[in-house]
Amino acid sequence: TTMALGALGVKTMAWLQPDATAVHRDWIVRMAWLAPENAEAFEHLAYFLPAGRVLVAVATSAGLVWAYELGRRRFGARTARWMALFLALDPFLAGHSGLLHTDALQATFALLAVLLVLPRTEPDPALTSRSWRVRRVTLLSLAALCLALSGLTKTLGLLVAPGLALAILLWGEGTLLQRSIQVVFIAVLTVIFLLAFYPPFWVAPRAALHSLFGAITYHEGIGLRSVFFLGEMRRDPGPAFYPMVLLFRMTPPVLFGLAGALFVVSRSRRRAADG
């Protein structure tokens, strides 16, 4: 998805400024390869970068608007507004949304996939059995598409799939058998979307699949390198690493909100236990 938006950015610049685009593009296509020390090449590539960054910002912003609409139907308007506000002001998401990079796009598609499978807080009594099935198939299809786009942005984006399946089984609509069928349906459709929108698969299927699985191995190798944690370099930082990193990555309003939510849930449970 990042490469697709970058390519669309090149096309946009070619439409807006055809003469200048031709000069930069002709220089780039004559390169044998790109090396980090090739400063002149990056000057030509930088000409196309702003358009790609704008398109990533537009895509993530549109995803945030859609997330608000989905959240409004599932959690209510007030909760959805707070969710959208915290996401829009989150420094990591906002920062990455202005870059031609993978993280903001992957987070946006993964969030939309989760929201699409969650049930409404209040079922619509006007829905007939047939209408319910049509709506559910549509939502699951869109969730499969977003999940596939998350994986196409970065292969690790598919790691949200087990949580998605668990959410459908625990909180999805319908009987347990219907929810199990929904999980199988979204899994099959995700694979279809993943391969349908992956251009290398069209021309060399085996090599394309090898590339996808190779990306997982590559990211696994990067994740196993030594990191600096609690004053020393260590290969295995231990179970405290991710919770501590999460605390530093979350903004103070989100941390206070989580603490308040835990307090409210705990108080509600005590009241229920007291009868």
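Up top is the structure.
Residues numbered from 1 in each chain as written. Predicted model: local features only at pLDDT ≥ 70, side-chain atom pairs only at ≥ 80, totals over all residues. Heavy atoms only, no water.

Hey, could you run me through the pattern of salt bridges in this one?
Working definition: two side chains of opposite charge can pair if their charged atoms are close together. Scanning the model with the defined rule gives four salt bridges in all. Salt-bridge contacts for Lys 154 lead to Asp 103; the nearest nitrogen and oxygen are separated by 3.0 Å. With Lys 154 in the loop between α8 (129–153) and α9 (161–171) and Asp 103 in helix α7 (residues 103–117), this residue pair connects regions lying 51 residues apart in the sequence. Among the residues examined, Asp 103 registers a relative accessible area of 28% and is labelled partly exposed. Arg 234 is the salt-bridge partner of Glu 232, the closest N and O atoms lying 3.3 Å from each other. Its relative accessible area of 21% is what places Arg 234 among the partly exposed residues. Through salt bridges with shared partners, a single network forms among Glu 69, Arg 72 and Arg 73. (Salt bridge = Lys/Arg side-chain N within 4 Å of Asp/Glu carboxyl O. Helix = DSSP H or I, 4+ residues; strand = E, 2+ residues; numbered from the N terminus. Buried < 20%, exposed > 50% of the residue type's maximum accessible area, 1.4 Å probe, protein only.)

Sorry if this is basic, but what is going on with the packing of aromatic side chains here?
Two numbers describe a pair of aromatic rings. These are the distance of the centres and the angle of the planes. Tallying each qualifying case throughout the model produces five aromatic pairs. The interplanar angle of 85 degrees and the centroid separation of 5.1 Å between the aromatic rings of Tyr 47 and Phe 48 together place this pair among those described as edge-to-face. The two residues Tyr 47 and Phe 48 agree in class, both being buried. Centroid distance Phe 241 to Tyr 242: 5.0 Å. Interplanar angle 80 degrees. Geometry classified as edge-to-face. (Phe/Tyr/Trp six-rings, centres within 6.5 Å; stacked < 30°, edge-to-face > 60°.)

Where do I start with the environment of Arg 133 in this structure?
Considering the arrangement of structural elements, one finds Arg 133 in helix α8. On the accessibility criterion, Arg 133 (46% relative accessible area) is partly exposed.

What should I look at first to understand the packing of α7 against α8 in this one?
Packed helices, taken two at a time, are described by the angle between their axes plus the distance between the axes. One can describe the packing of α7 onto α8 by two numbers: an axis separation of 8 Å at closest approach and a directional angle of 160 degrees. Taken together, the axis directions place α7 and α8 in an arrangement best described as roughly antiparallel. Two packed elements cross with a definite hand, and for α7 against α8 that hand is left-handed. Touching Leu 105, Gln 106, Phe 109, Ala 110, Leu 112, Ala 113, Leu 116 and Val 117 of α7 are Arg 136, Leu 139, Leu 140, Leu 142, Ala 143, Cys 146, Leu 147, Leu 149, Ser 150 and Thr 153, all from α8. Each residue belonging to the contact of α7 with α8 can be placed in one class, and the counts come to 14 nonpolar, three polar and one charged. (Axes fitted to C-alpha atoms, helices over the stretch in contact; angles between N-to-C directions. Parallel < 35°, antiparallel > 145°, perpendicular 65-115°, else oblique. Left-handed = near helix turned anticlockwise from the far one by under 90°. Contact = heavy atoms within 4.5 Å. Nonpolar A, V, L, I, M, F, W, Y, C, P; charged D, E, K, R; others polar.)

Is there a simple way to explain a nonpolar patch on the surface in this structure?
Together, Leu 166, Leu 169, Leu 170, Trp 171 and Leu 176 line one region of the surface with nonpolar side chains, adding up to about 510 Å² of accessible area. Here the nonpolar patch takes four residues from α9, the largest share from any one element. Relative to the assigned elements, Leu 166 resides in helix α9. (Patch = residues over 30% accessible without salt bridge, like charges linked within 9 Å, V, L, I, M, F, W, Y side chains within 5 Å. Areas by Shrake-Rupley, 256 points an atom, 1.4 Å probe, with all protein chains shown as cover.)

What is the right way to look at the side chain of Gln 106 in this model?
Structurally, the position occupied by Gln 106 is in helix α7. Sequence-distant contacts of Gln 106, that is, excluding residues within four places in its chain, are made with Ser 150, Thr 153, Lys 154 and Gly 157.

Can you help me understand α9 in this one?
Since one α-helical turn is 3.6 residues long, residues separated by three or four positions face the same way. Taken residue by residue, α9 has Leu 164, Ala 167 and Ile 168 as its buried positions. One side of α9 carries all its buried residues, which in axial view fall inside an arc of 95 degrees. Buried residues along α9 sit against α7, α8 and α10 (176–196). (Arc of directions from axis to C-beta.)

Help me out: how do you make sense of the nonpolar core in this one?
Taken as a class, soluble globular proteins show a tendency for nonpolar side chains to be buried jointly. Ranked by size, the top nonpolar core spans 28 residues in total, and within it Leu 115, Leu 116, Val 117, Leu 164, Ile 168 and Ile 186 carry the most contacts. Within the residue set of this core, elements represented by two or more residues are α4 (49–75), α7, α8, α9, α10 and α12 (205–223). Per element, the largest residue contribution to this core is eight residues, and it comes from α8. Residues within four places of Leu 164 in sequence aside, it is in contact with Ala 113, Val 114, Val 117, Leu 147 and Ile 186. (Core = buried A, V, L, I, M, F, W, Y, C linked by side-chain atoms within 4.5 Å.)

Explain unusual backbone geometry here, please?
Residues other than glycine predominantly adopt negative phi, and peptide bonds predominantly adopt the trans conformation. Its identity as a non-glycine residue notwithstanding, Leu 230 has a phi of 55 degrees, on the positive side. Looking at the secondary structure, you find Leu 230 in the loop between β1 (227–229) and β2 (232–234).

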